[in-house]
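As a plain string of letters, each chain reads:
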Amino acid sequence: MTSSLQSAPGPFFGDFGGRYVPEALTAALDELTDAYEKARIDPQFTDELARLARDYTGRPSIITEVPRFARHAGGATVVLKREDLNHTGSHKINNVLGQALLTKRIGKSRIIAETGAGQHGVATATAAALMDLECVIYMGEEDTERQALNVARMRLLGAEVVPVTTGTRTLRDAINEAFRDWVTNVETTNYVFGTAAGPHPFPAMVRDFQRVIGVEARAQMLERGGLPDAVLACVGGGSNAIGAFDAFLDDEAVRLIGCEAAGDGVETTRHASTITGGRPGVLHGSKSYILQDDDGQTNPSHSISAGLDYPGVGPQHAWLADLGRAEYWPVTDAQAMEAFRLLSRTEGIMPAIESAHALYGAMKLGQELGPDATLLVNLSGRGDKDVEQAARWFEMLPGEDA
Amino acid sequence: MSALADRLDEIRGEGRAALIGYLPVGYPDVDTSIKAMVAMVEAGVDIVEVGPPYSDPVLDGPVIQLAAAHALEGGVRLTDGFRAVRAIADAGAVPVVMSYFNPMLQYGLERFAADLVGAGGAGVITPDLTPDVGEEWIAAARARDLDTIFLVAPSTTRERMHLTAAASRGFVYATPLMGVTGERAAVGDAAERVVSEARAAGAPRVCVGVGVSTGEQAAQIARFADGVIVGTAFVRCLTEAATPDEGIEALRRKVSELAEGVRSAR
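Note that the structure is predicted; figures quoted are calculated from it, not measured. (Residues numbered from 1 in each chain as written. Chains lettered and ligands numbered in written order. Predicted model: local features only at pLDDT ≥ 70, side-chain atom pairs only at ≥ 80, totals over all residues. Heavy atoms only, no water.)

## What to know about the overall build of chain B
And then number 1: From N to C terminus, chain B includes 12 helices and nine strands.
And then number 2: In terms of overall dimensions, chain B is globule-like: its C-alpha atoms have a radius of gyration of 17 Å, near the 18 Å expected for 266 residues.
And then number 3: For chain B, the spread of C-alpha atoms along the three principal axes comes to 45 × 40 × 30 Å.
And then number 4: Across chain B, contacts joining residues at least 24 apart in sequence account for 72% of those joining residues at least 6 apart.
And then number 5: Summed over its atoms, the accessible surface of chain B is roughly 9,600 Å², and 50% of this surface lies on carbon and sulfur atoms.
And then number 6: Once the 24 positive and 35 negative side-chain charges of chain B are each reduced to a mean point, those two points are 3 Å apart. (Helix = DSSP H or I, 4+ residues; strand = E, 2+ residues; numbered from the N terminus. Rg over C-alpha atoms; globule rule 2.2 N^0.38 Å. Contact = heavy atoms within 4.5 Å. Areas by Shrake-Rupley, 256 points an atom, 1.4 Å probe, with all protein chains shown as cover. Lys, Arg positive; Asp, Glu negative; His and termini not counted. Charge placed at Lys NZ, Arg CZ, Asp CG, Glu CD.)

This is the structure in structure tokens:
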């Protein structure tokens, strides 16, 4: 009997993962692990989460075939998993509802979170409002500028947003600051981690909460006629990708392709392609690929997409890359924006810039494989938050001369 | 044999606690930081914690964060830490390194241990590495007879106190307040409780880092701990000074005050 790669429990995924944290956080992580282990098999918890997914998030999310877009993908059949239609506009809500419920279960009253694009922050602020939890969101100052609208959304939902002014002023520094808050306030506070990275139990737990994406999509594809030839998803920390991949891990014929943000190009220093351009190391509590210099200092990452602008990646992706089970492709800012424009114009669906990286991957793969191929793309978020940035990219704002 | 244990026992024999001072390497520049570390030894620090800066210091408060970021912008390298270690050993104090894990991992754990011993270092404090995932590092350190110093916190369970006491050599580093590094108005009773719990778990020597910034606070901790660890208050002497020389003078005064504190306790 071959062993399944699905739902790998951690703390280690091959050589990756683990828990490299200050001792002061160990008790809280143990408590969380223990609570989660019990909750995941407790019908009271799983039923409540399923109810919220249905009645609040709007699950199951549909799949949509996009034939006009697919003409730019070698005529392949392209099907989108519509996580953009979830309440709050992205896949992030799937994870946040699970962790917020868990927070209530362990009797804590305050949640903190980091956010890059603001999607996870908005989702966390939403769950906090729903479940009556105090909520503080850490966001790099550069990201608060890139995503001003999401800052306002979080504040309107009642969350406190703290702009982080240290370091590179992006997602990575927001995570550092959230850890500092947690180590100070761990007695009352739970850290709702936004991606499938960080110390155990986060990589496995976040993956489990996002797993619904792939489970639904796999059943929907089978109902539609068969498994796809490939599943594509964008990878920053990698939660939407691992959520989309997990249910397909044992379908050996299905290629799994994570699209990393290549910024100005992986050959430059301005990118966020951690698996393509990084080396194994320890960052933010687990061992994985990292963009770093010879001394182990984390290098700044760059991406037009704040949600992918992270110099680390979830440990399960590092493992799948080493195993050769998943491929990780770099997609530049310009390529992602081309896909953003195409999907908007050909299908009337405006993707998040993050998700546009996966769309470009599908264009490339479709051109390689031709019209017989069927490609499933996880459309992890919608592009409303990116309108200003996209308008600037395409020079569509009034009074703006190139 | 542990140079740290020997020194701490000798100091206990003098009827006092040790004063342990932390400074980041490369702040405001490498040469000045080494000069400052030597000045601390001359002014009465017994053990110096040499801190190679790291880009993502999740356990540090704003003062040390900013100094570390400045040092990294100035181009400090991990190997500069070994130069600092050598200078401290030559000045007659015991040097230990306090480093986040990834820089050590990238340098190579065995190579790091070998080069630290070569420079005259006694051991390493690892703030983001616990014994559970520290096996490879502990093996590399033991092979070179280096001390491994792990941290305990108020949230540390009894079971983990035992685990940490058993894996530590030299001393156990107690952090009695939850939070990042930084000065505190009150250093309080929590410290005494964590120290006695660590001792009960079998740690022969326990030093405390709790945001001490005055001689009086140092005396308070020195009543029950083997050593008083001071970082932020020393770093601030350098960050607030108009010139490096003034910074080092302020540092000498602060060290003298605290050295008197650890001697006035018992």
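## Side note on the pattern of salt bridges
And then number 1: Overall, the coordinates contain 48 salt bridges over all chains when judged by the stated rule.
And then number 2: Measuring nitrogen to oxygen at the nearest pair gives 2.7 Å for the salt bridge that ties Lys81 of chain A to Glu216 of chain A. Placement of the pair is Lys81 of chain A in strand 4 (residues 77-82) and Glu216 of chain A in helix 10 (residues 212-224), with a sequence separation of 135 residues.
And then number 3: We classify Glu216 of chain A as buried; its relative accessible area is 14%.
And then number 4: Each of Arg7, Glu10, Glu14, Arg16 and Asp46 of chain B takes part in a single network of salt bridges with overlapping partners. (Salt bridge = Lys/Arg side-chain N within 4 Å of Asp/Glu carboxyl O. Buried < 20%, exposed > 50% of the residue type's maximum accessible area, 1.4 Å probe, protein only.)

## Observations concerning helix 3 (residues 62-73) of chain B
Owing to its 3.6 residues per turn, the α-helix aligns residues three or four sequence positions apart on the same side.
And then number 1: The terminal C-alpha atoms of helix 3 of chain B lie 16 Å apart, and with 12 residues this matches the ideal 16 Å at 1.5 Å per residue to within 8%.
And then number 2: Among all positions in helix 3 of chain B, only Ile64, Gln65, Ala67, Ala68 and Ala71 of chain B are buried.
And then number 3: Looking at the buried side of helix 3 of chain B, the elements it contacts are helix 8 (171-185) of chain A together with strand 1 (18-24) and helix 11 (232-239) of chain B.
And then number 4: Immediately downstream of helix 3 of chain B, the backbone of Gly75 of chain B shows phi near 90°, a positive value. (Expected span 1.5 Å × (residues − 1).)

## Quick look at the packing of aromatic side chains
Centre distance and the angle of the planes are the two values used to describe a pair of aromatic rings.
And then number 1: Applying the stated criterion across every chain, the model contains 17 aromatic pairs over all chains.
And then number 2: Note on Phe179 of chain A and Phe193 of chain A: the rings are 6.4 Å apart at their centroids and 45° apart in plane angle, and the pair reads as tilted. Here Phe193 of chain A lies in the loop between strand 8 (189-191) and helix 9 (202-210) and Phe179 of chain A lies in helix 8, a separation of 14 residues in the sequence.
And then number 3: For Phe179 of chain A, a relative accessible area of 4% gives the class buried.
And then number 4: By the ring-pair criterion, three or more aromatic residues cluster together here, those being Phe179, Trp182, Tyr191, Phe193 and Phe202 of chain A.
And then number 5: The ring of Trp329 of chain A is capped by Lys364 of chain A, whose NZ or CZ atom sits 4.5 Å from the centre of that ring.
And then number 6: One residue, Arg111 of chain B, lies across the ring of Tyr107 of chain B, its end atom 3.8 Å from the ring centre. (Phe/Tyr/Trp six-rings, centres within 6.5 Å; stacked < 30°, edge-to-face > 60°. Lys NZ or Arg CZ within 6 Å of the ring centre and 35° of its normal.)

## Here's the deal with the sheet that holds strand 13 (residues 326-332) of chain A
Residue and element names in this part refer to chain A.
And then number 1: One open sheet holds the six strands; their spatial order is 3-4-14-9-10-13, and the pairing between them is mixed. Where the open sheet ends on each side, the last strands, each with one partner, are strand 3 (63-65) and strand 13. With direction set aside, neighbouring strand axes in the sheet form an average angle of 25°.
And then number 2: Two elements, strand 9 (residues 230-235) and strand 10 (residues 255-263), share six bridges in a ladder whose sense is parallel. Bridging from a neighbouring strand, Cys234 pairs with Cys259 of strand 10. (Pairing = 2+ DSSP bridges. Axes fitted to C-alpha atoms, helices over the stretch in contact; angles between N-to-C directions.)

## Considerations on the sheet that holds strand 8 of chain A
Residue and element names in this part refer to chain A.
And then number 1: Ordered by their spatial adjacency, four strands build an open sheet running 7-6-5-8, and the pairing between neighbours is parallel. Of all strands in the sheet, those with a lone pairing partner are strand 7 (160-164) and strand 8, marking the two edges. On average, each strand axis in the sheet is tilted by 25° relative to the strand beside it, whichever way the strands run.
And then number 2: In this structure, strand 5 (residues 110-115) lies alongside strand 8, joined through three bridges in parallel fashion. Opposite Ile111, over in strand 8, you have Asn190 as the bridge partner.

## Re the interface of chain A and chain B
And then number 1: Taken together, the contact between chain A and chain B spans 33 residues of the former and 32 residues of the latter.
And then number 2: By the criterion of area lost to chain B, the three top residues of chain A are Glu23, Arg180 and Asp295 of chain A, representing 27% of everything that side buries.
And then number 3: Between the two partners, chain A and chain B, sit three salt bridges.
And then number 4: In this structure, the salt-bridge partner of Arg172 of chain A is Asp56 of chain B, at a minimum N-O distance of 2.7 Å.
And then number 5: Linking chain A with chain B are 20 residue pairs in polar contact (both at pLDDT 80 or more), by the criterion used here.
And then number 6: Listed by contribution, the elements that provide at least two residues to the side of chain A that touches chain B are helix 1 (23-39), helix 8, strand 11 (279-283) and strand 12 (286-290) of chain A.
And then number 7: The leading source of residues in the side of chain A that touches chain B is helix 8 of chain A, at seven residues.
And then number 8: Along the lines of polarity and charge, the residues of the side of chain A that touches chain B split into 13 nonpolar, 10 polar and 10 charged. (Buried area = accessible area lost by both parts, 1.4 Å probe. Polar contact = N/O pair within 3.5 Å; in protein donor to acceptor, adjacent residues only side chain to side chain. Nonpolar A, V, L, I, M, F, W, Y, C, P; charged D, E, K, R; others polar.)

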